[in-house]
Amino acid sequence: MKPDILYFGKFPDPTVAELNRRYTVHHYATTPAPEEIPADVAQRVRGVATEANRGISRAILDRLPNLEAVSVFGVGLDLVDVAAIQARGLPLGNTPDIIGPEVADLAIGMMLASARQIVFAEHYARSGQWAAKGPIPLGRSVAHKTCGVIGLGGIGRAIADRAVAFRMRVLYNATRKKPDAPYGYVDDVVELARQSDFLMVACKGGPETRHLVSRDVIDALGPQGTLINVARGTVVDEEALIDALASKRLGWAALDVFEKEPDFDKRLLDFPNVLLQPHHGTAAIETRVEMGQLMLDNLAAGLEKRPLKTPVLT
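Every value quoted in this text rests on a predicted model; they were computed, and no experiment measured them. (Residues numbered from 1 in each chain as written. Predicted model: local features only at pLDDT ≥ 70, side-chain atom pairs only at ≥ 80, totals over all residues. Heavy atoms only, no water.)

(A) Layout of the overall build of the protein chain. Check the secondary structure of the protein chain and you find 12 helices and 13 strands. Against the 2.2 N^0.38 benchmark of 20 Å for 314 residues, the protein chain shows a C-alpha radius of gyration of 21 Å, consistent with a compact globule. Counting only C-alpha atoms, the protein chain reaches 70 × 50 × 35 Å along its principal axes. Across the protein chain, the fraction of contacts at a sequence separation of at least 24, relative to all contacts at a separation of at least 6, is 59%. Per element, the accessible surface of the protein chain, about 14900 Å² overall, is 54% carbon and sulfur. Between the mean site of the 36 positive side-chain charges and the mean site of the 38 negative ones, the protein chain shows a separation of 3 Å. (Helix = DSSP H or I, 4+ residues; strand = E, 2+ residues; numbered from the N terminus. Rg over C-alpha atoms; globule rule 2.2 N^0.38 Å. Contact = heavy atoms within 4.5 Å. Areas by Shrake-Rupley, 256 points an atom, 1.4 Å probe, with all protein chains shown as cover. Lys, Arg positive; Asp, Glu negative; His and termini not counted. Charge placed at Lys NZ, Arg CZ, Asp CG, Glu CD.)

(B) Expanded view of the packing of aromatic side chains. Here the structure, examined in full by the defined rule, presents six aromatic pairs. Judged by centre distance (6.1 Å) and plane angle (70°), the rings of phenylalanine 8 and tyrosine 28 are edge-to-face. Within this pair, whereas phenylalanine 8 is found in strand β1 (residues 4-8), its partner tyrosine 28 is found in strand β2 (residues 24-28), the two being separated by 20 residues in sequence. Residue classification places tyrosine 28 among the buried positions, given a relative accessible area of 16%. (Phe/Tyr/Trp six-rings, centres within 6.5 Å; stacked < 30°, edge-to-face > 60°. Buried < 20%, exposed > 50% of the residue type's maximum accessible area, 1.4 Å probe, protein only.)

(C) Fine view of the nonpolar core. Counting residues in each nonpolar core, the largest one holds 49 residues, and the members touching the most others are Phe11, Leu19, Met111, Val149, Ile159, Met200 and Leu299. No other element matches helix α5 (residues 96-115), which puts 11 residues into this core. Ignoring sequence-local partners within four residues, the contact set of leucine 19 consists of Ile5, Tyr7, Phe11, Val25, Met295, Leu296 and Leu299. Residues Leu192, Cys203, Val217 and Ala244 belong to the second largest nonpolar core, which totals 32 residues. (Core = buried A, V, L, I, M, F, W, Y, C linked by side-chain atoms within 4.5 Å.)

(D) Layout of unusual backbone geometry. Here the bond from glutamate 261 into proline 262 is cis, since omega is -5°, no more than 30 degrees from zero. Non-glycine residue glutamine 117 carries a positive phi angle of around 55°. In this fold, glutamine 117 is placed in the loop between α5 and α6 (118-126). Even without being a glycine, lysine 248 presents a positive backbone phi close to 60°. One can find lysine 248 in the loop between α11 (238-246) and β11 (252-255). Residue lysine 248 is classed as exposed on the basis of its relative accessible area of 67%.

(E) Looking closely at the sheet that holds strand β6 (residues 146-150). Spatially, seven strands are ordered β8-β7-β6-β9-β10-β11-β12 in an open sheet, and the strand pairing comes out parallel. Only two strands of the sheet have a single partner each, and these edge strands are β8 (184-185) and β12 (274-276). In terms of strand pairing, β6 meets strand β9 (residues 198-201) through four bridges, oriented parallel. Following the sheet pairing, isoleucine 150 is matched in β9 by valine 201. (Pairing = 2+ DSSP bridges.)

(F) Expanded view of the sheet that holds β2. A sheet is described by the order of its strands in space; here six strands give the open sequence β2-β1-β3-β4-β5-β13, paired in mixed fashion. Where the open sheet ends on each side, the last strands, each with one partner, are β2 and β13 (311-313). In this structure, β1 lies alongside β2, joined through five bridges in parallel fashion. Opposite isoleucine 5, over in β2, you have valine 25 as the bridge partner. Docked against the sheet, helix α12 (residues 285-303) engages β1, β3 (45-51), β4 (69-73) and β5 (92-93), running at close to 175° with respect to β4. (Axes fitted to C-alpha atoms, helices over the stretch in contact; angles between N-to-C directions.)

Right, dumping it as structure tokens:
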């Protein structure tokens, strides 16, 4: 008899097919309230697979007395009650190393789109303004500018390495200096912003980094600076960001994540100098399929009492 599992969110078709082949699957498109999980199902469930942006709460964990493993599709754990999982002694895995290059590609693309006005320029050509008004207003170069990176984990390091290819000077801030990083370390995030032309936010989310990009950081970046966030919306003080944009104390912003998703603050729509993206840092077919396979491998390992490939908790 196949083990019962819950899965929350949306996974690639090959991942879903494999889940259904291996397990008796109970799917919820969004994270359910605990009472939405029938009592008889809750008793049988041995594993949970969840998107990082769906997570799993202590209340749901308490609903599942026979749970043996949790596997996260993604890297962020801010919506996963890690402490509750640890208290139960359960293995927890995520998919960290796969997403770094893909999210970094988007971050660099957002930087170029902002600096070189790619979205505006496409509309300018398509709408006939090029023919009617002549050449587009000049954009900005990224070469020989400073790219500051907040967080030098897998995503941040991939951003830094790519920025070098664009002839940028790279500085970074992290919880500690990285001995293997060939980039300048700045131990204060306000000072990093002050020295940066483009400030990339690539650190983890959660309570410890909430509003790390504060009003002071945004003001230090200043009217010639660009803020790019591909981390978590909670890392940036969005109210301070909107105020800085409205008062022209910040030059540009490019955002793939927001404090509230998907119904983000509509005041951001008022700023033509803000590039908005729908939280799709890993949204490439190849990457999502690879993430799905790793999630499956971690789930199977946990249920079979084997070491997880990419454990958060063992």
